[in-house]
Structures are given as structure tokens and as C-alpha cells.
Amino acid sequence: IFPKNKGTVADHPDFDAGSDAEALYDAMKGFGSDKEAILELIASRSNAQRQEIRAAYKSQFGKDLIDDLKYELTGKFERLIVGLMRPPAYHDAKEIKDAIKGAGTDEKCLIEILASRTNEQIHNLVAAYKDAYDRDLEEDVIGDTSGHFKKMLVVLLQGTREEDDVVSEDLVEQDAQDLYDAGEAQWGTDEAKFIMLLGNRSVTHLQLVFDEYQKIAEKSIEDSIKSELSGDFETLMLAVVQCIRSKPMFFARRLYKSMKGLGTADNTLIRIMVCRSEIDMLDIRECFRLRYEKSLYNMIQDDTSGDYKRTLLKLCGGDDDIAGEFFPEAAQIAYKMWEISAMTKVQLRGTVRPYQNFDPASDAQALRKAMKGFGTDEDTIIDIVANRSNAQRQEIRQTFKSLLGRDLMADLKSELSKNLERLILGLMMTPAEFDAKMMKKAMEGAGTDEHALIEILVTRNNQEIQEMCSAYQNAYKKSLEDAIASETSGHFKRILISLSIIIRLLFFVQFKELADACNADSGDLEDRFMSILCTRSFPHLRRVFQEFVRCSNKDIEQIIKKEMSGDIKNAMFAIVRSVKNQPSYFADRLYKAMKGLGTDDRALIRIMVSRSEIDLFNIRKEFKETHDASLHEFIQGDTSGDYRKILLILCGGED
């Protein structure tokens, strides 16, 4: 049984504003301040109590507590403590003021606050802004933004969303149909419809509309927004939808983005920890664990330091890394996530399409000319290879041979070098030849690249796996199974071999098998999981994982994390991640290939080549959503020269 209040900070029981004010005064007097005492006291009082302390401080010492704290403290710790001392509406007002002052607007901050606040919070924010800055918030927002983005912000600023008990049964289907007609069903998008419905209907009503929409469109409203809208407007509408589905999950995502990768977005981290500590921090922690396989507590611990870290951990209130059962709310979210994933027919989109006025003979001659004589015309090569589909490239290879009597692959090999050569040759191979080559490379030399093996075998469908097996046999005169068997060992070897031989059978497994498997001992557990995860089709597995949450109140990923280790854990994880959302799995692999020092070019080339005609567009959207930066930016910053040029063509756009 959980309290209605899902915050981690509540009223302090034996509260005495006067003695707290005195304790703070003592902590700041003399040389240096007692930061430990300040953070302990402020983080364990509710906001209402902090306001009483501030008033008592003023009447006892004739000074403003916030001014004294600003004088005594510095940096992020100061921002956090001062943020906790402000009334919530004034804290929001200050954040928005900072977001729109000066050059450039912090759109993400505007979006986060205006998409997630209740009507009452919005009204209080507008009043606090007027009181603190003697300005009209709506006018300031209008002056600083434009287009549909501006219109939607103005709608949200009215704070007129219908209250939660308002659900108009007869309107649910109509609204869903209207949204569908406004976007997916026509050329161009009727943004006004999206703004009107998403800005005004009640949360409960919209949740039902989204379910209905999913049935009509066979894809989630989020997927439609990603394909129909763009820029800040797209980001805002996604945030509104995420807040309607689950505010705690929305904030869990924002917190994760604020800490992962290089550097920390401290403003976001501070804002959310301050604003949600008395509202729904417990739910946010649960959602965080569900989505990111790691506790919020641990992430803060790894990512921050000193008194700043101590205060954040106090606000966070506890560590959930000990894998356990879900809170009711998180179990529902987990169940819903699998349900959406099972129902969605994602329209996969590549970034490379067949070239319209295709003429293999003139392409072949242009390529020969680009490589003849002294020096190589890389631009021509890149332009032709990157802008043709794979089937067209195969025709060019054939024509090159029949017209010129030469082997295009051999010519390219002798003219190009390093990553550019690897990438161009990869694009010129058939998908099956390329996969076979990548498998071979992953097993060559000292040490096996297990991640590459897992990625290829887990994400290819049965036909692709069969074609790769025969391409491997052709090219290397040895079966892929034998190669895997000699390069890997134990359970991991069996998983890989079963993936490469077994065609995913579409038959129904009694869900009970998985639940029973969880109670087996760990050697047996791996075998049971393996037989289920490696032989069932993806749509089928989605349903199995959904049932799994219902029957065990745990998420499949938690079990894998807790009970397995090493390669086998990575392989099982990859299967579950791909089943859940394959483009997101690839986005994650691309991110890992480029973040930190050095680039894993082999992984980058492998994914860009193999997904460019399948789902690279979807991968790009997932990348942007998870990492708050576009794939284009990452490639731009991480590669150079002609290699970068061709990668950017394959990437196909900015986002």
C-alpha cells in the first residue's frame, strides 16, 4: 500500500521555524560555512516549511535568507539550495525567465515546464512571473518564439485543459479520427487540429484517444508526430503526449538525458529534482529503473560530486537498484509499453532510395573515369555510390564487368583507403555478402567482437540469416555455424548457433514457461530462457514479455540483469531490446560507437551501411529522442573528410 503522495520530501514532524532559522544563521556565521548542516536541514523540510523558515529568519535577523545563502554558497550547490528555498511557482517563473532572456532561448526548459504542469500550477506560475518581474509571461513567450511552436505554448499557458474526470465517450473515437485525418491521412499536416486537441482535452480522455488512434493508424501517436512534425514543435508535442501517458516516465527520460554522455545538464537535473521531490519522485525512480536498467540514485552518484551530490541523493531518497517487483504504477507502465510495442506496425523508412534516372552504363563509365590516371575523383565515387540503392549498385557492378571487363570491387580497393574504402566497399556488396564479411571480421584475429556478432544475429530476420549463411559459405568455404563454434564457447555459443540456424517459428509458447524459467536455478535458467528467446518470433515475444509483467510483476530485463552475466547477458539483453524497439537498439549502438574518446568505425560503418535502406530514418528519430542531439551532429563532430561526407549523405538529414 503506497501513500497517495509519491514524493520523497514531506513535512518535517517536529518542525520549529524559529530554531531552524537560528541553526541556518549559525551555520553561515564566521569564516566559512557549515554546508553539511545547511543541506541536511533544507533538504529535510517541505517547501511550505522552508517558507516559514525564511519568514522567521527575516524577523529574527533582519536579513533575507536567500541572499545570505547566495553569498555563502557557490556553483551548482548554491543553485540547488536556492531553488529549494523558492516557492514552486516562483521557481518555475525564474527558470522560464532564464530560459528566454539573452540571446537564444532554452526551448527544452520551456517545453518541459509548460508541457508538464497542471492548470493550477500554470495559473500560479503566470501570477508569480508577473509579481517577480512585473511582466506578462504570455507576451514574453510570444516575443521569443514563432510558428506552431509559439501557438501551442500560448494554448498551454492558458491553463484551460479539461479536468481529469472529464471524458466524453462519444468524442474519443471522433478525436482519434480527427488526429488521424489531420496528419497521417493526408498530404501535409493540419497542425491546428493537433494543437486544439492535445492542448485542451483532459488527460484521461486523451489516454483513451491515444489507444483508439493506435487502432486506426496501426502506429502510436508518438510515431505519427515524429513523421508528421519537425523541430521544436515536434519536441513540444512529443513532450505533451509523454506527459499525458505518464508524467513520471517523462521526467525519468529528462533526468536520464541530463546525465548520460559527456558532461551533465545540471540546470535540468536541479530543476526536476527540486520540482518533483514533493510530488512524484518515487514514481519517477521506478520509471527510471524500468526504462534504463539502473537506478536514478546510482546515476546521480556516478555523475555528480560533493555537497551537490549529497543534496541530490537526499532528494532522490533511496536506491532502487536492488531488482525487485514493480510499484503498481510502474507495472502498469511496463505492461502498457509492451502492449504498444506489440500493437504497433511501425512504418520503417530508410534514407537511401532507388535513383530515379538510373543508367548503369553511364554510372559504370563515370566510376571508371573517376579512377583512371593519376589521383582519384572521390567526389564522383561518393556521389554515385551513396545515391543508388543496393540493387542498383549490383547492376553497376555487373555492367562495369561486361562493359569494361574489369572488377569494380578490385578497382575501388586499389584506389581508396582506410574507412572510406571500407564504407564504399560495404555499400557495393549485397546485404548478405556484407553481413557475412562483418561476421568474419568480428571473429578474426585476437579476440572476438561479441557485440558485433550479437548485433547482426539478433537483428536480422530469418531470410536475411539464411542468405548470410550461404554468402559466408560461398566466400569463406566454411559454414558460419562451424566458424561460430570454433570462436565462442558455452551458452553464448549455443545462443549464436541457434540464432543462425533456427528460423523464428511463429508458434504459441505457454507464457508459463518463462515465469517458471525465472524460478529455475541459474544454469537451467539460461537454457530455458535461451530456448524461448531464440526460437520465437518478435511479435510473439512482445506478447510473452507483456504477460510476463502481469504474472510476475517484474520486467524481463531486470531478471536477465540480475541472474546472468557476460556475453550471455549481453545477447539476451540485445534480443529483448530489439524486440522492444529495434530502431532504438541501433540508435544506442551508434551512440556507443561515437561517444567518448575515439570512434568505433567498424560499428559505425556496419550500421550505416546495413540499415540505410531499411530503417535508418527511424533510427535517426530514436537517436534524437534518446540523446537530445541528432545523429547528423554526432557524425559531423566525430568523423572527417570524404568519410564524413558519405556518412552524412547516408544519414539523410539533420532532424
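All values derive from a computational prediction rather than experimental measurement.

## What about the overall build of the protein chain?
Thinking step 1. Of regular secondary structure, the protein chain possesses 40 helices and zero strands.
Thinking step 2. Buried positions account for 53% of the 655 residues belonging to the protein chain.
Thinking step 3. The contacts of the protein chain with a sequence gap of at least 6 include a subset with a gap of at least 24, amounting to 74%.
Thinking step 4. A total of about 28200 Å² of accessible surface is found on the protein chain, and carbon and sulfur atoms cover 49% of it.

## Examining the packing of aromatic side chains
Thinking step 1. Applying the stated rule across the entire model yields twelve aromatic pairs.
Thinking step 2. Geometrically, the ring pair formed by Phe250 and Phe251 is edge-to-face, given 5.3 Å between the ring centres and 65° between the ring planes. The pair formed by Phe250 and Phe251 is uniform in burial state, with each residue classed as buried.
Thinking step 3. Aromatic rings pair up to connect Tyr25, Tyr57 and Phe61 into one cluster.
Thinking step 4. Over the ring of Phe617 we find Arg349; its NZ or CZ atom is 3.7 Å from the centre of that ring.
Thinking step 5. When the ring centre of Tyr476 is taken as reference, the NZ or CZ atom of Lys440 above it lies at 5.2 Å.

## Focus: the side chain of Lys580
Thinking step 1. Positionally, Lys580 belongs in helix H36 (residues 566-594).
Thinking step 2. In this structure Lys580 touches Met337, Trp338, Ser341, Asp555 and Glu557, once residues within four positions along its chain are discounted.

## Details of unusual backbone geometry
Thinking step 1. Despite not being glycine, Lys418 has its phi angle at roughly 55°, a positive value.
Thinking step 2. Mapped onto the fold, Lys418 is located in helix H26 (residues 418-428).
Thinking step 3. Assessed through its relative accessible area of 66%, Lys418 is described here as exposed.
Thinking step 4. Phi is positive for Lys477, close to 50°, though the residue is something other than glycine.

## A word on the pattern of salt bridges
Thinking step 1. For the structure on display, the rule yields 38 salt bridges.
Thinking step 2. Where Arg54 meets Asp64, a salt bridge forms, and the shortest distance between an N and an O atom there is 3.4 Å. In this pair, Arg54 is assigned in helix H3 (residues 47-61) and Asp64 in the loop between H3 and helix H4 (65-72), connecting sequence segments ten residues apart.
Thinking step 3. Residues Lys226 and Glu622 are paired through a salt bridge, measuring 3.4 Å at the closest nitrogen-oxygen approach. Linking Lys226 in helix H14 (residues 221-228) with Glu622 in helix H38 (residues 616-627), this pair joins segments that are 396 residues apart in sequence.
Thinking step 4. The class of Glu622 is buried, set by a relative accessible area of 10%.

## Examining helix H39 (residues 631-638)
Thinking step 1. When H39 is considered as a whole, its buried residues turn out to be Leu631, His632, Phe634 and Ile635. Down the axis of H39, the sector holding all buried residues measures 165°, keeping them to one side.

## Some points on the confidence of the model for the protein chain
A low pLDDT score tells you not to read the predicted coordinates there in detail.
Thinking step 1. Confidence in the prediction of the protein chain, expressed as mean pLDDT, is 86, and 88% of residues score 70 or more.
Thinking step 2. Across residues 501-512, confidence stays below pLDDT 50; counting only partners more than four residues off in sequence or on other chains, it has 30 contacts.

## Describing the packing of H26 against helix H37 (residues 601-611)
Thinking step 1. The geometry of H26 relative to H37 is characterised by a closest axis approach of 10 Å and an angle of 25° between their N-to-C directions. What the angle tells us is that H26 and H37 run roughly parallel. For the pair H26 and H37, the sense of crossing is right-handed. Here Asn419, Arg422, Leu423, Gly426 and Leu427 of H26 lie close against H37, whose contacting residues are Asp601, Ile605 and Val609.
Thinking step 2. Broken down by class, the residue content of the contact of H26 with H37 amounts to four nonpolar, two polar and two charged.

## Section: the nonpolar core
Thinking step 1. Judged by nonpolar contacts, the single largest core of 121 residues is most densely connected at Leu69, Leu198 and Met273.
Thinking step 2. Ala370, Ala432, Met608 and Cys651 belong to the second-largest nonpolar core, a separate cluster that totals 66 residues.

## Overview of the packing of helix H23 (residues 378-386) against H26
Thinking step 1. Remark: H23 packs on H26, axes separated minimally by 11 Å, with the N-to-C direction vectors making an angle of 35°. As H23 runs across H26, the sense of the crossing is left-handed. Taken together, the residues of H26 that come into contact with H23 (itself represented by Glu378, Ile381, Ile382 and Val385) are Leu420, Ile424, Leu427 and Met428.
Thinking step 2. In terms of residue class, the contact of H23 with H26 is built from seven nonpolar, no polar and one charged.

Thresholds applied
Residues numbered from 1 in each chain as written. Predicted model: local features only at pLDDT ≥ 70, side-chain atom pairs only at ≥ 80, totals over all residues. Heavy atoms only, no water. Helix = DSSP H or I, 4+ residues; strand = E, 2+ residues; numbered from the N terminus. Buried < 20%, exposed > 50% of the residue type's maximum accessible area, 1.4 Å probe, protein only. Contact = heavy atoms within 4.5 Å. Areas by Shrake-Rupley, 256 points an atom, 1.4 Å probe, with all protein chains shown as cover. Phe/Tyr/Trp six-rings, centres within 6.5 Å; stacked < 30°, edge-to-face > 60°. Lys NZ or Arg CZ within 6 Å of the ring centre and 35° of its normal. Salt bridge = Lys/Arg side-chain N within 4 Å of Asp/Glu carboxyl O. Arc of directions from axis to C-beta. pLDDT = per-residue confidence, 0-100. Axes fitted to C-alpha atoms, helices over the stretch in contact; angles between N-to-C directions. Parallel < 35°, antiparallel > 145°, perpendicular 65-115°, else oblique. Left-handed = near helix turned anticlockwise from the far one by under 90°. Nonpolar A, V, L, I, M, F, W, Y, C, P; charged D, E, K, R; others polar. Core = buried A, V, L, I, M, F, W, Y, C linked by side-chain atoms within 4.5 Å.

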